[in-house]
Amino acid sequence: MADFEPRIVAFVCNWCTYAGADLTGTSRIKYASNVRIVRFPCTGRIDYMLLLKAFDEGADGIIVSGCHPNDCHYTSGNFHARRRWIMFRSLCDFLGIDIRRIKFSWVSAAEGAKWADIVNSTVSSIRELGPYEEYRKIVKRPAKEVTNG
Amino acid sequence: MSKIGVFVCHCGENISATVDCAKVAETAGKYDGVTFSVDYKYMCSDPGQTLIKNAIAEKGLTGVVVAACSPRMHEPTFRKACAEAGLNPYMCEMANLREHCSWVHEKGDPTTDKAIDLVRVLVEKVKYNQSLNAIKVPVTKTALVIGGGIAGIQASLDIANTGHKVILIEKDPSIGGHMSQLSETFPTLDCSQCILTPRMVEVAQHPNITLYTYAELESLEGFIGNFKAKIRRKSKSLDEKLCTGCGLCTTKCPSKKIPSEFNEGLGMRTAIYVPFPQAVPNKPVIDRKNCTYYTKGKCRICEKVCPTGAIRFDQEDQIVEVEVGAIVLATGFTIKQTDFFPEYGYGKHPDIITGLQFERLASASGPTLGEIRRPSDGKVPQTIVFLSCAGSRDEAKGIPYCSKICCMYIAKHAMLYQHKVHGGKSYVFYMDIRAGGKMYEEFVRRAIEDDGVNYVRGRVSRIYEKNGKLIVKGADTLLGAMPVEIEADMVVLATAGVANEGAEELAQKLHVSYDPYHFFAEAHPKLKPVETNTAGIFLAGACQAPRDIPESVSMASGAAVKVAGLFSQDELTREPLIAVVNRQPAPVYSSCVGCFLCVSACPYQAIEKEEIKDRSGAVIKRVAKVNPGLCQGCGTCVAFCRTKSIDIQGYTHEQMYSEVMALLNEY
């Protein structure tokens, strides 16, 4: 357990959080390398079934992040995302999915440091929770080992 | 079978310092579907791009993954390179190895592993990419300018002078806006009317400008290049073609006690009125709320005296429909009135006035013909106090921002007062003097040093009346918050500049975003200050934030150039990353079941209901259909769709699921 490296998937919007994470880069702020970012046009586009798919594929934690309320590039996509998240969260909770493993946040294009904080805090909280074996037991699909070449 | 090329960039040492680029390229080369994989020092350089182009030509690549910097930086560059080599530009994707990997992680295997993951994800995505073609939409080369203040005037003239048609609408009976109310302008003290009125006349006479005064935007439909606007021309109760503007009606009108908007309530006007002598158009309107005929059913004196018989009591509002390609919003701002301030007497004392009222007192065309006389008894005030930041920079009042223009106009007011009232004493209470601008600081120094205006750094806690004087209680913070009490004859509050009432409603009509203070929001605070997030709608002047005249004019000219740029093309090309509803062969036609959840989710009203009909014209099925001109590609509808019938090009279900499935599992 000590050498457990959580695998985090981040679903972010193109205009705020993706740009915010770019700013983290240009500001050379270091953060944990456990996260893999998937770019969407807007958090409103994020089909939450993708989150379950990510758990299915072996993710231990998930970050969903977009523009702050009222700052959505598309006016209201993030509001739709937020509403659906409220529903989805209670559904997940009801189904027994550990909602502590999903972090929902707003990171603007100017918040490079906040992005680093969110990744680091998510990585450390998932590290405490351990690998998400329960989910993989349910779907009867052990996560494959990542070996890279 | 895909033939994908992977191009790993070192970005000098920006990527290669922490990521083993050769290993990334080598690993990627082993993936199914990848036929070519290479790493190179600068992929965005000319030789780098040539490398990509040659590989596309020689290896017949069907997809390209460039693993380099952020796609927000160089995606257009590489897509263009692909297009030049004959590959559809939308078959090119970028893996962000720099901002999201090499710059934020330490050197080591985990970082290289992450880089490999990021490349693999995009390789999987690119397999499902489809060739897309840019959307072309025609452009109507007419602009609509909303608001006839200095910003709207400037924008209209600039657009009209490029040879394009302009429709300018103004809600008041005359164009001119706030600038026409001003006495002199800082920092040159030239008369506002003298520099403005020639431009107003130019607008009225310009062959390319159609001017609708006393008109408001009723509704707006459409999208960039193809807007359809309905304009409500409020009834002026006047046949403008017959009216010669002689003004006889205004002299004979018996309702003479209506506070004049133009004079900020310091003067009176009649019910049939021209707002000010230099108004454009110089023809009266009847204010139906105050006209005796409309309120009591009797009078019609104006009709009797009119030598041309131009009065039309039964005239109705007229709706004009126009087609325009671009819109400039120049609706300006307003100021808080004195009744907003309990500590300064709730506006109950007539001698506590706003800055705009002082402008009217100081103006040669104003109610006192330019003499500074206090409203209560017409006496010349011997002691006058100016308060800056009345409401502005005050979180408790809900206006935390700086209104920006007040520091300058207060210095101007104090200066004008000193010029007009010799021996008078003037005090300015200020928090900070914000005189950023060409010749601005010098102007303020002139007020203080040459004209002897007393500047007191501190705020005023209370103003009350005592023995016919206004007692202004404040503190001088430069003297250790020493209490200051001034017996003044008149007080001028530099009240906060705020968004117009109804700005929010207008923004919603236009689908333009607005900030928490209801000022219209620009697309980018630095790089797109005159654009809005709605393509084809631009901002000029104080509707975006408090602005002085030079700034409003610059913004207006900037917006005009954006409009002219838009009108320089006959067709617009747009990114084809938009939503589409699937179509299938009969008898299914589409997996869409017509629940139209997407219609309510769409922020752009881009989704329409389409009826699929058989040969006899009977409706077989109702399905959703996306208008490619309106869709901005947010994809909110995609996540809503119950049957997964709507998908967004560039971020399709196939693409996103293949990305997620490739993220964590070794291929």
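Just above sits the structure.
Trainee: How would you sum up the interface of chain B and chain A? Please name residues and give values.
Mentor: Across the boundary between the two partners, chain B contributes 40 residues, which contact 42 residues of chain A. Looking at the side of chain B that touches chain A, the elements with two or more residues in it are helix H1 (21-28), helix H4 (98-102), helix H5 (109-127), helix H17 (636-640) and helix H18 (653-664) of chain B. Considered class by class, the residues forming the side of chain B that touches chain A number 18 nonpolar, 12 polar and 10 charged.

Trainee: Describe the sheet that holds strand E12 (residues 226-233) of chain B, listing the residues and the values that go with them.
Mentor: Residues and elements named next belong to chain B. Here three strands make up an open sheet; going across it, the order is E11-E12-E17 and the pairing antiparallel. Of all strands in the sheet, those bounded by a partner on one side alone are strand E11 (215-223) and strand E17 (318-324). Mean inter-strand twist for the sheet, computed between neighbouring axes without regard to direction, equals 20°. Here E12 pairs with E17 via seven bridges, running antiparallel. Bridge assignment links Lys 230 to a residue of E17, and that residue is Glu 321.

Trainee: Could you give an account of the environment of Cys 634 of chain B, with specific residues and numbers?
Mentor: Residues and elements named next belong to chain B. Following the sequence through the fold, Cys 634 ends up in the loop between strand E33 (619-626) and H17. The class for Cys 634 is buried, based on 35 C-beta atoms found within 10 Å. C-alpha of Cys 634 to C-alpha of Ile 648: the two residues are 14 residues apart in sequence and 8.3 Å apart in space.

Trainee: Quick one: what's the story with the sheet that holds strand E26 (residues 482-488) of chain B, residue by residue and with numbers?
Mentor: Residue and element names in this part refer to chain B. Taken together, three strands build an open sheet; the order of strands is E24-E25-E26 and the sheet is antiparallel. Only two strands of the sheet have a single neighbouring strand rather than two, namely strand E24 (460-466) and E26. Neighbour to neighbour, the strand axes of the sheet diverge by 20° on average, direction disregarded. Pairing of E24 with strand E25 (residues 469-476), which is carried by six bridges, proceeds in the antiparallel orientation. Considered in E25, the bridge of Ile 463 is made with Val 472.

Trainee: Outline the pairing of strand E21 (residues 383-390) of chain B, listing residues and values.
Mentor: Residue and element names in this part refer to chain B. The buried fraction of E21 is high, at seven of eight residues. In this view, the connection linking E21 to its parallel neighbour strand E22 (residues 425-430) by way of helix H12 (residues 406-420) has right-handed handedness. Strand direction decides the pairing type here: E21 and strand E27 (residues 490-495), joined by five bridges, are parallel. When the bridges of E27 are listed, Ala 390 appears paired with Thr 495.

Trainee: So what's going on with the pairing of strand E18 (residues 326-329) of chain B? Which residues, and what values?
Mentor: As a general feature of sheets, a regular strand has side chains that alternate between the two faces. Residues and elements named next belong to chain B. Judged by which residues are buried, E18 turns out to be covered on both faces: Ala 326 and Val 328 on one side and Ile 327 and Leu 329 on the other are all buried. Bridging between strand E6 (residues 142-146) and E18 involves four bridges; their strand directions are parallel. The residue bridging Val 145 from the neighbouring strand is Val 328, located in E18. In this sheet, strand E29 (residues 537-539) lies alongside E18 in parallel orientation, the contact comprising three bridges. Looking across to E29, one finds that Ile 327 is bridged to Ile 537.

What counts, and where the lines are drawn
Residues numbered from 1 in each chain as written. Chains lettered and ligands numbered in written order. Predicted model: local features only at pLDDT ≥ 70, side-chain atom pairs only at ≥ 80, totals over all residues. Contact = placed C-beta atoms within 7 Å. Helix = DSSP H or I, 4+ residues; strand = E, 2+ residues; numbered from the N terminus. Nonpolar A, V, L, I, M, F, W, Y, C, P; charged D, E, K, R; others polar. Pairing = 2+ DSSP bridges. Axes fitted to C-alpha atoms, helices over the stretch in contact; angles between N-to-C directions. Buried ≥ 20, exposed ≤ 12 C-beta atoms within 10 Å, placed from the backbone. Right-handed = clockwise from strand over helix to strand, strands pointing away.

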